[in-house]
Amino acid sequence: MRHDFYKGDSSSLCVAPSLVTDQHRWTIYHSKVNLPAALNDPRLAKRESDFFTKTWGLDFVDTEVIPSFYLPQISKEHFTVYQQEISQREKIHERCKNICPPKDTFDRTLLHTHDKSRTDLEQVPKIFMKPDFALDDSLTFNSVLPWSHFNTAGGKGNRDAASSKLLQEKLSHYLDIVEVNIAHQISLRSEAFFHAMTSQHELQDYLKKTSQAVKMLRDKIAQIDKVMCEGSLHILRLALTRNNCVKVYNKLKLMATVHQTQPTVQVLLSTSEFVGALDLIATTQEVLQQELQGIHSFRHLGSQLCELEKLIDKMMIAEFSTYSHSDLNRPLEDDCHILEEERLISLVFGLLKQRKLNFLEIYSEEMIITAKNIIKQCVINKVSQIEDIDTDVVLKLADQMRMLNFPQWFDLLTDIFSKFTIFLQRVKATLNIIHSVVLSVLDKNQRTRELEEISQQKNAAKDNSLDTEVAYLIHEGMFISDAFSESELTPIAIDTTSQRNASPNSEPCSSDSVSEPECTTDSSSSKEQISSSVTPGAVDIMVNEDVKLSDLELGKLANNIQELLYSASDICHDRAVKFLMSRAKDGFLEKLNSTEFISLSRLMETFILETEQICGRKSMSLLGALQSQANKFVNRFHEERKTKLSLLLDNERWKQADVPAEFQDLVDSISHGKIALPEKKSGATEERKPAEVLTVEGQQYAVVGTVLLLIRIILEYCQCVDNIPSVTTDMLTRLSDLLKYFNSRSCQLVLGAGALQVVGLKTITTKNLALSSRCLQLIVHYIPVIRAHFEARLQPKQYSMLRHFDHITKDYHDHIAEISAKLVAIMDSLFDKLLSKYEVKAPVPSACFRNICKQMAKMHEAIFDLLPEEQTQMLFLRINASYKLHLKKQLSHLNVINDGGPQNGLVTADVAFYTGNLQALKGLQDLDLNMAEIWEQKR
């Protein structure tokens, strides 16, 4: 077989197609593509002249080669010195060539003989010169010995015999030519043959001596080996054999331990020790891949462990889902202890080890379900306590809930909020445990990285200082130092290997087991344990090196845990919003009175604050719903009070009203800085008589009943702002609208005389006008107080809204000025009517001046008790100015001048009567009338 392989087949060695056997099928010889056609690139636009670059494709761009900066430019001047040195030698060389002609190196005779031999060899057919010449080939045999020469049939026998003889002679001739040429070639090399024969004898002598020397050397080496080396080598072989036996024994012990992996994993899973089971599987897989690789009996164990690991993944997910359900759905009590903290820590470590980072989604889904169930259970418990609700008739739980009155529904909402608070505290405690585990793993990764860097630095320093002199043992290709170091390291490696083979909660190896010396690797070494306290009183947790998560992944997971806590708050707020909207479908929340809505608002704000303190972030959904309901409440609140004010104004007869004691107490509390409605006192209270006027900071205000109620309404707005701070801006706008409405409506009723048709007054008297002015002044007095109250509750960026109070104050002052102008206009028209009929004649005082003094007394009587003394004096000064203007006009018409005549005396007496009566009025004694202005100045 080996002989045939080395002999080979001649046909198998030639892979080229045969022209004879392959003449009827297509071969490479039928290819008609010439070399230039194959080398031409059809993509090129033009035919390239360069043979090498024209096949390099379209991407090739022929660029000029940039000259090197490091190579100088060579020119003919650089060779000038060389030419000068060599020119003399060249001349001598040429002269020698001419003197001594070149010797013919060829022997003409030898050349002639060689040409003759070549001519003779050309007579021999080329077929005999082929290297693959073989007569066993039929074609070759037929070419050399034609069959026609051996055909003796017929009458051609003599001729065939002659042809055969001729062929024999021809072949003999060919043989002679070859022999002559061979002999000639041998003769040409005869000296070399003789020299080789002579050298052969000398070489045999040398070889004989060398053989004897080698034999003596071998004998000496054999003696040395027997005496000095054989014993030592035998000891080394025994040491190696012993170490190999120990390796085999340890390998068998390791195989026995690995064989117990699956039963041990089943035991660990039965006690929910997922981390221990995963550590055991990981260690076993490392051992299988490194130390037990190639063991036939364990060829299926790796795949079985992988399937078991996948099963553990599913079990951990299911176990975490079960834990989440049991943790979140246990009774909501005040204590927020963690349910089975050790179990939670083990589950989280297992999930992190297997990179199952979606367990937070499971917890999130469970939170949503639990939040729904909390509201549902609270509603069921509350409805079951109400006897008026027939659950057989009203089937839907939402409809049953809508049948609750406000106190019952408020208690239900309070219960839901308290349950949600406990629920969030429980979620926070659980997520804190998970977060602590993640941070522990992150801290472990950082410390491990630092230790590795320190270890690498130490190893680098150690490698630089080590002397690596080792002796190489030729036998079996071993290092002598290895044989000794293995036996020395065996006691040290026992502990590390036994720790590596011992898995968590697995059966320990027997005490007499011997560890494997050389198979201890870093990957199969004992896992480092770090105890870290998660929470006060929590169990120690195992931080395992096998949690192969990057710092980025762990940081992202920690952020997701915090976001999950925020999501828990959002879930509770969203469920609370849906609960509120379900109750608000029939307009229930919009029908609440101020006290009820304030209680609801405070409850919701308290819950929002508590959830913010627990979760660290304010959720906006419930706050938005509260704001929406607050806006509806503000609209209804404002419309009710505006309607109430409108009804009061439409029924107001603009007469001075008595001031009840409670209103006096109300304004007194405002004066002391308490802008709020007084609390209703329980029990019997002492009845006090109402006062005629309202005393505000020492000033007396005669007011109508509508203004008293308006002050109370204003305080309701202020108190609503205190109770619901989120509606401050809306309340400010609504209060501004209310004050504007009072101003405009009172102007229509009094100045515009609308009260004649609305209330049925016969006329608008000066007393009505003065009373209206005093009421407006009272409101103007309280506008700065209201402004300060709202300013203290607005954000700095909202201070621009306070300009509404400035506009209102200006409108009220304009209104008051119009009322004063109206009072002056009334007297002005009276003066114009009376003084136009005035005649300077007896008696004195005249009837005209008596009527004027009578009307002035009536005016004083109407307004003196309503307006302050200063305002009365200013008003009468304006009236007196109007009186003097009309009197002066009438005197000018009558041509009465200040000439001391009789008419002048009569006018002076009437004016003195007027002045005396006017200054006799209360509060006008010191009034400077300046009656000299009635006379025109003399020209």
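That block above? That's the structure.
Bear in mind the structure is a predicted one, so any value in this text is a computation, not a measurement.

About the thresholds
- Residues numbered from 1 in each chain as written.
- Predicted model: local features only at pLDDT ≥ 70, side-chain atom pairs only at ≥ 80, totals over all residues.
- Heavy atoms only, no water.
- Helix = DSSP H or I, 4+ residues; strand = E, 2+ residues; numbered from the N terminus.
- Buried < 20%, exposed > 50% of the residue type's maximum accessible area, 1.4 Å probe, protein only.
- Contact = heavy atoms within 4.5 Å.
- Axes fitted to C-alpha atoms, helices over the stretch in contact; angles between N-to-C directions.
- Left-handed = near helix turned anticlockwise from the far one by under 90°.
- Nonpolar A, V, L, I, M, F, W, Y, C, P; charged D, E, K, R; others polar.
- Salt bridge = Lys/Arg side-chain N within 4 Å of Asp/Glu carboxyl O.
- Parallel < 35°, antiparallel > 145°, perpendicular 65-115°, else oblique.
- Disulfide = S-S within 2.5 Å.

(A) Expanded view of the side chain of threonine 611. Positionally, threonine 611 belongs in helix α18 (residues 594-615). Judged by its relative accessible area of 1%, threonine 611 is buried. Setting aside chain neighbours within four positions, we find threonine 611 in contact with Leu424, Ser569, His573, Gly616 and Arg617.

(B) Representation of the packing of helix α11 (residues 301-328) against helix α12 (residues 341-353) in the model. As a packed pair, α11 and α12 sit with axes 10 Å apart at the nearest point and diverge in direction by 145°. For α11 against α12, the interelement crossing comes out left-handed. Mapping the contact onto sequence places Met316, Ile317, Glu319, Phe320, Thr322 and Tyr323 in α11 and Arg343, Leu344, Leu347, Gly350 and Leu351 in α12. A breakdown of the residues in the contact of α11 with α12 according to their chemical character gives seven nonpolar, two polar and two charged.

(C) Just the pattern of salt bridges, in detail. With the rule as written, the count across this model stands at 13 salt bridges. One salt bridge connects glutamate 640 with arginine 636, and the closest N-O pair in it is separated by 3.1 Å. Of this pair, glutamate 640 and arginine 636 both sit in helix α19 (residues 621-650), four residues apart, roughly one helical turn. Two residues, glutamate 716 and arginine 641, come together in a salt bridge whose shortest N-O distance is 2.7 Å. With glutamate 716 in helix α21 (residues 705-723) and arginine 641 in helix α19, this pair connects stretches of sequence that are 75 residues apart. Judged by its relative accessible area of 18%, glutamate 716 falls in the buried class. The exposure class of arginine 641 is buried, given its relative accessible area of 13%. Among the charged side chains, a salt-bridge network with shared partners connects Arg636, Glu640, Arg641 and Glu716.

(D) Up close: the packing of helix α25 (residues 803-835) against helix α27 (residues 869-894). Interaxial distance between α25 and α27 falls to 9 Å at its minimum, and their mutual angle equals 25°. Between α25 and α27, the crossing angle belongs to the class labelled roughly parallel. Taken as a pair, α25 and α27 cross one another with a handedness that is right-handed. Across the interface between the two elements, Ser820, Ala821, Leu823, Val824, Met827, Asp828, Phe831, Asp832 and Leu835 of α25 pack against Leu875, Arg878, Ile879, Ser882, Tyr883, His886, Leu887 and Gln890 of α27. A per-class count over the contact of α25 with α27 returns 10 nonpolar, four polar and three charged.

(E) Quick look at unusual backbone geometry. Residue proline 843 is bonded to the preceding alanine 842 through a cis peptide linkage, with omega at 0°. Assignment of secondary structure puts proline 843 in the loop between α25 and α26 (847-863). The linkage connecting valine 844 with the following residue, proline 845, adopts the cis geometry, with an omega of -5°. Inspection of the secondary structure puts proline 845 in the loop between α25 and α26. Positive phi, normally seen in glycine, also occurs at glutamate 697, with a value near 50°. On the secondary structure map, glutamate 697 appears in the loop between β3 (694-696) and β4 (699-701). Backbone geometry places asparagine 895, a non-glycine residue, at a positive phi of 60°.

(F) Layout of the state of the cysteines. By the definition in use, this model includes zero disulfides. Cysteine 853 takes part in no disulfide bond, and the closest cysteine sulfur, belonging to cysteine 848, lies 9.5 Å away. For cysteine 853, a relative accessible area of 10% puts it in the buried group.

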